[in-house]
Amino acid sequence: MLIVQKYGGSSVASLDRIRSAARRAVALARQGVQVVLVVSAQGDTTDELIAAAADLAPSPREMDAYVSTGEQLSAGLMAMAIQAQGYPAVSLTGWQAGIRTDGVHGNARIMALEGDRLRRELAAGRIAVVAGFQGLGPDGDVTTLGRGGSDTTAVALAAFLNADACQIFTDVDGVYDRDPRRFPDARRFDRISYDRMLALIREGAQVLHDRSVELARDHGLTVEVLSSFTGAPGTIVGP
Ligand code: ASP
Ligand code: MG
């Protein structure tokens, strides 16, 4: 059994939250499940990095090299938090995990996964913590997948590794017909189709990266969106 779990920025915003995600992963791994964690940058890190460089009018190539570091910090912290709980873990950048993309800086598309390293780490009994949102382009340069792209990292890894489940942990307990943080009477879906989900994203929903849903649809992979705070069942995005 192999499970991919992705933790968004708010779900890794503090060391306490990282520890709680690590605990969940370790509990699964101790049951014999192979676990791949995909992490976003902590809290508002990506916005802060972009703002800090804005005055430099940075080139797209350098911007990707720079802004992708946020996810690497999270991956390192998560791997250390897992190790601190007595379980072996390894952090991997997108390129170490074998994620190959096209060359469109700032909005690259995942083209392939060279997953030998990842499979080796899992076979050796480690939890693999992969930095989301990043890959390696055709010319060997760092690329990023577009804002919110860690979701797409997770779905791509789940598809390529033939995972039994792909769980996207976030700060809401599922997908709603409107933003539940702004509309208290928003309705939550237990299940939602890929196409309805894509329509919600086009209307402005930010709960999932659009390409992650397209990729899940193309591979017939179901994705669960759930709260990292409660761990209660969330919304299944599927056929
Ligand atoms: N950290 C990136 C962003 O804020 C990627 C992600 O969170 O999925 O857009
Ligand atoms: Mg997101």
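Residues numbered from 1 in each chain as written. Chains lettered and ligands numbered in written order. Predicted model: local features only at pLDDT ≥ 70, side-chain atom pairs only at ≥ 80, totals over all residues. Heavy atoms only, no water.

Some points on the layout of surface pockets
(1) Moving on: The volume enclosed by the largest pocket comes to roughly 1100 Å³.
(2) Moving on: Looking at the largest pocket, it is lined by 40 residues, and the ones nearest its centre are Gly 148, Arg 181, Gln 206, Val 207 and Leu 208.
(3) Moving on: Of all the secondary structure elements, the ones that give two or more residues to the lining of the largest pocket are helix H2 (45–53), helix H6 (150–160) and helix H7 (194–202).
(4) Moving on: The residue makeup of the lining of the largest pocket, split by class, is 12 nonpolar, 14 polar and 14 charged. (1 Å grid on protein atoms, 1.4 Å probe; cavity = no way out; pocket = protein on both sides within 12 Å on 5 of 7 lines; lining within 4 Å. Points joined across faces, edges and corners; volume = space filled by probe spheres on them. Helix = DSSP H or I, 4+ residues; strand = E, 2+ residues; numbered from the N terminus. Nonpolar A, V, L, I, M, F, W, Y, C, P; charged D, E, K, R; others polar.)

Things to note about the side chain of Thr 170
(1) Moving on: Relative to the elements of secondary structure, Thr 170 occurs in strand S9 (residues 165–170).
(2) Moving on: A distance of 3.3 Å separates polar atoms of two side chains, one belonging to Thr 170 and the other to Asp 171.
(3) Moving on: Leave out the neighbours within four places in its chain, and Thr 170 touches Ser 11, Val 225, Leu 226, Ser 227, Ser 228 and Phe 229. (Polar contact = N/O pair within 3.5 Å; in protein donor to acceptor, adjacent residues only side chain to side chain. Contact = heavy atoms within 4.5 Å.)

Structural notes on the pairing of S9
(1) Moving on: Burial analysis of S9 places 5 of its 6 residues in the buried class, the great majority of the element.
(2) Moving on: Bridging between strand S1 (residues 2–7) and S9 involves 5 bridges; their strand directions are parallel. Following the sheet pairing, Gln 5 is matched in S9 by Gln 167.
(3) Moving on: Here S9 pairs with strand S11 (residues 223–227) via 5 bridges, running parallel. Across the sheet, Cys 166 pairs through a bridge with Val 223, a residue of S11. (Buried < 20%, exposed > 50% of the residue type's maximum accessible area, 1.4 Å probe, protein only. Pairing = 2+ DSSP bridges.)

Observations concerning the site of ligand 1
(1) Moving on: Surrounding ligand 1, one finds Ser 40, Ala 41, Thr 46, Glu 71, Phe 133, Arg 147, Gly 148, Gly 149 and Ser 150.
(2) Moving on: Between Thr 46 and ligand 1, the recorded distance is 2.7 Å, taken from a side-chain N or O atom to a nitrogen atom.
(3) Moving on: One nitrogen or oxygen atom from the main chain of Ser 150 is found 3.0 Å from an oxygen atom belonging to ligand 1.
(4) Moving on: Of all the cavities here, the one that holds ligand 1 is the largest pocket.
(5) Moving on: Of the residues in the shell around ligand 1, the class split is 2 nonpolar, 5 polar and 2 charged. (Near = heavy atom within 4 Å. Sits in = over half its atoms within 2 Å of the grid points.)

A look at unusual backbone geometry
(1) Moving on: Even without being glycine, Ala 57 reaches a positive phi, approximately 45 degrees.
(2) Moving on: Turning to its location among the elements, Ala 57 is positioned in the loop between H2 and helix H3 (60–67).
(3) Moving on: Despite not being glycine, Phe 133 has its phi angle at roughly 75 degrees, a positive value.
(4) Moving on: With respect to the helices, strands and loops of the structure, Phe 133 is situated in the loop between strand S6 (127–131) and strand S7 (134–136).

Some thoughts on the pairing of strand S12 (residues 235–238)
(1) Moving on: Where strand S10 (residues 191–193) meets S12, 3 bridges bridge the pair, whose relative direction is parallel. The partner of Ile 192 across the bridge, within S12, is Val 237.
(2) Moving on: In this structure, S11 lies alongside S12, joined through 3 bridges in antiparallel fashion. Following the sheet pairing, Val 225 is matched in S12 by Thr 235.

Overview of empty space enclosed by the protein
(1) Moving on: Using the criterion set out here, one finds 1 cavity of 30 Å³ or more in the structure.
(2) Moving on: Volume-wise, the largest cavity comes out at about 30 Å³.
(3) Moving on: Per element, the largest residue contribution to the lining of the largest cavity is 3 residues, and it comes from helix H8 (residues 210–219).
(4) Moving on: Each residue belonging to the lining of the largest cavity can be placed in one class, and the counts come to 7 nonpolar, 1 polar and no charged.

Quick look at the packing of aromatic side chains
(1) Moving on: Applying the stated criterion across every chain, the model contains 1 aromatic pair.
(2) Moving on: Ring centres 4.6 Å apart and planes at 5 degrees place the aromatic pair Tyr 7 and Phe 169 in the stacked group. In this pair, Tyr 7 is assigned in strand S1 and Phe 169 in strand S9, connecting sequence segments 162 residues apart. The pair Tyr 7 / Phe 169 is uniform in exposure class, with both members buried. (Phe/Tyr/Trp six-rings, centres within 6.5 Å; stacked < 30°, edge-to-face > 60°.)

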